[in-house]
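Notes for the structure review
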Amino acid sequence: MMGPQHALSGAAVWLAGSWALDHFADYHQSPLALAVGTAVCAGGALFPDLDMSGKVTRNQGGATVARTFGVFSLFAAEVMEKISLGVYYATKLSKDPRRNNGHRTLTHTLPFTVLVGWGTTALCAAYGKWAVITILFFMFGLALRGLFDEWAERAGWVIITLASAGAAWFTFANLPGGRGYPLIGTALGVGCFVHILGDMITRAGVPILWPIPIKRRMWMMIGLPNSIALRVGSKAEVVGMRIALTVVSALATVGLIAPSVLSRFDIEI
């Protein structure tokens, strides 16, 4: 799945989940917490593709996440890709094929998703201000790059960097730590998981069951059969999924804000 659809799927899942919690479990979020959770989940839904590197010195190529902050994120993607490839070869079994890159390996697994979610919460709780600002800065940048891809392409990575830094500082200044920090880790973990599910409906699949060995393979790619799987970049993905995810996001947003708006005007439904 392409970057914009990944980011939109993260936003849609967080908004829909927030509506369900609000409606069925009476779990309410402030407008800021809802906005932060949506943005972090959208950014998190791009994060696993940090294992797809490009051309660092030319500031070209790579996945959407790798191009967000120019050569800096491209370099980070290069490092993550090499780490992922190293883990692949360190754990592969006899039936696992040879690879020349680490894309869709380590960062597309459930252990990685859990580690990211738990690790984010732990870092925010242990180191406070600078950990929170750094994580929010990175996630906000990914969300901008994914959700507003055409604008981001025109604006360039410098504008995205400045906008992300400002948004991260503002959020830290206004988000309460007790409930806000676990929110960041949960949203990031959910976003990574949504990314994995998104790639599972494409033809390539993901090694979601790693490190469970299956038929002498540690990195078994799991996904839909080719006959019904989405082809990356196809009209069904680019147009169909974008429309469907936008509708879900819009309906969930209306469901979240409508009650407070109606109550302000003393309207009961």
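Note that the structure is predicted; figures quoted are calculated from it, not measured. (Residues numbered from 1 in each chain as written. Predicted model: local features only at pLDDT ≥ 70, side-chain atom pairs only at ≥ 80, totals over all residues. Heavy atoms only, no water.)

Some points on the pattern of salt bridges
What counts is decided by this rule: The salt bridge criterion pairs a side-chain nitrogen of Lys or Arg with a carboxyl oxygen of Asp or Glu, the two atoms within 4 Å.
If you walk through the whole model with that rule in mind, you get six salt bridges. Here Lys82 and Glu81 are joined by a salt bridge, their closest N and O atoms 2.9 Å apart. Because the salt bridges share partners, they merge into one network encompassing Glu78, Glu81 and Lys82.

Focus on the environment of Pro207
Heads up, the rule is: Counting from the N terminus, the helices are DSSP H or I runs at least four residues long and the strands are E runs at least two residues long. The contact criterion used throughout is that any non-hydrogen atoms of two residues lie within 4.5 Å.
Mapped onto the elements of the fold, Pro207 is located in the loop between helix 8 (177-200) and helix 9 (235-264). The sequence separation of Pro207 and Met218 amounts to 11 residues, and the corresponding C-alpha distance is 8.3 Å. With near-sequence residues (within four places) excluded, Pro207 lies in contact with Arg104, Thr105, His108, Thr109, Trp219, Met220 and Met221.

What to know about a nonpolar patch on the surface
To be explicit about the condition: Within this analysis, patches are made of residues with over 30% relative accessible area and no salt bridge. Like charges are joined at 9 Å or less; nonpolar side chains (Val, Leu, Ile, Met, Phe, Trp, Tyr) at 5 Å or less. Only the protein chains shown count as cover for residues, with accessible areas throughout obtained via the Shrake-Rupley method and a probe of 1.4 Å. A 1.4 Å probe rolled over the protein chains alone gives each residue an accessible area, and that area as a share of the maximum for its type sets the label: buried under 20%, exposed over 50%, partly exposed in between.
A cluster of nonpolar side chains, namely Val71, Phe72, Phe148, Trp151, Trp157, Val158, Ile159 and Leu162, defines an oily patch on the protein surface of about 760 Å² accessible area. Taken together, the elements giving at least two residues each to the nonpolar patch come down to helix 3 (71-91) and helix 7 (157-174). Tallying contributions element by element places helix 7 first for the nonpolar patch, with four residues. Residue classification places Phe72 among the exposed residues on the basis of a relative accessible area of 57%.

So, unusual backbone geometry
A cis amide bond links Trp210 to the next residue, Pro211, at an omega of 10 degrees. In this structure, Pro211 sits in the loop between helix 8 and helix 9. The phi dihedral of Arg216 is positive, around 60 degrees, even though this residue is not glycine. With respect to the helices and strands, Arg216 occurs in the loop between helix 8 and helix 9. Overall, Arg216 belongs to the exposed group, its relative accessible area being 55%.

Overview of the nonpolar core
Note the following rule: We define the nonpolar core as a collection of buried residues of types Ala, Val, Leu, Ile, Met, Phe, Trp, Tyr and Cys that are connected through side-chain atoms lying within 4.5 Å of one another.
One finds Val36, Val40, Phe47, Leu136, Met139, Phe140 and Ile184 to be the most contacted residues of the largest nonpolar core, which totals 37 residues. The element that contributes the greatest number of residues to this core is helix 5 (residues 129-147), accounting for eight residues.

A closer look at the UniProt feature "transmembrane region" (unreviewed entry) in the chain
Going by this rule: UniProt positions are given in the numbering used here, feature names are shortened, and annotations may be inferred rather than shown by experiment.
UniProt feature "transmembrane region" (unreviewed entry): in the numbering of this structure it lies at residues 30-48, 69-90, 110-143, 155-175 and 240-262. In residues 69-90, the share of helix is 91% and the share of strand is 0%. The end C-alpha atoms are 30 Å apart. As a span, residues 155-175 carries 90% helix and 0% strand, and end to end its C-alpha atoms are 28 Å apart.

Re the state of the cysteines
Which entries qualify depends on this criterion: We call a pair of cysteine sulfur atoms a disulfide when they lie within 2.5 Å.
Tallying each qualifying case throughout the model produces zero disulfides. Distance from the sulfur of Cys41, which forms no disulfide, to the nearest cysteine sulfur (Cys192) is 8.9 Å. Considering cysteine sulfurs only, Cys192 is the nearest to Cys124, which forms no disulfide, with 14 Å between them. A relative accessible area of 0% means that Cys124 is categorised as buried.

Structural notes on helix 5
Put simply, the test is: By this rule the span expected of a helix is its residue count minus one, scaled by 1.5 Å.
Taking 1.5 Å as the rise per residue, helix 5 with 19 residues should run 27 Å; its terminal C-alpha atoms sit 26 Å apart, in good agreement. Among the residues making up helix 5, those that are buried are Ala131, Val132, Ile133, Ile135, Leu136, Met139, Phe140, Gly141, Leu142, Ala143, Arg145 and Gly146.

Details of the packing of helix 2 (residues 31-44) against helix 5
Describing two packed helices takes the angle between their axes plus the distance from one axis to the other. Here is the rule: Here an angle of 0 to 180 degrees is reported between the N-to-C directions of two axes, which are lines fitted to C-alpha atoms, with helices fitted over the stretch in contact. Angle categories: roughly parallel below 35 degrees, roughly antiparallel above 145, roughly perpendicular from 65 to 115, and oblique for all the rest. Amino acids are sorted into nonpolar (Ala, Val, Leu, Ile, Met, Phe, Trp, Tyr, Cys and Pro), charged (Asp, Glu, Lys and Arg) and polar (every other residue, Gly among them).
Closest axis-to-axis distance for the helix 2/helix 5 pair is 7 Å, and the angle between their directions is 75 degrees. On the basis of their axis angle, the class for helix 2 and helix 5 is roughly perpendicular. Residues Val36, Ala39, Val40, Ala42, Gly43 and Gly44 of helix 2 pack against Leu136, Met139, Phe140, Leu142, Ala143 and Leu147 of helix 5. Considered class by class, the residues forming the contact of helix 2 with helix 5 number 10 nonpolar, two polar and no charged.

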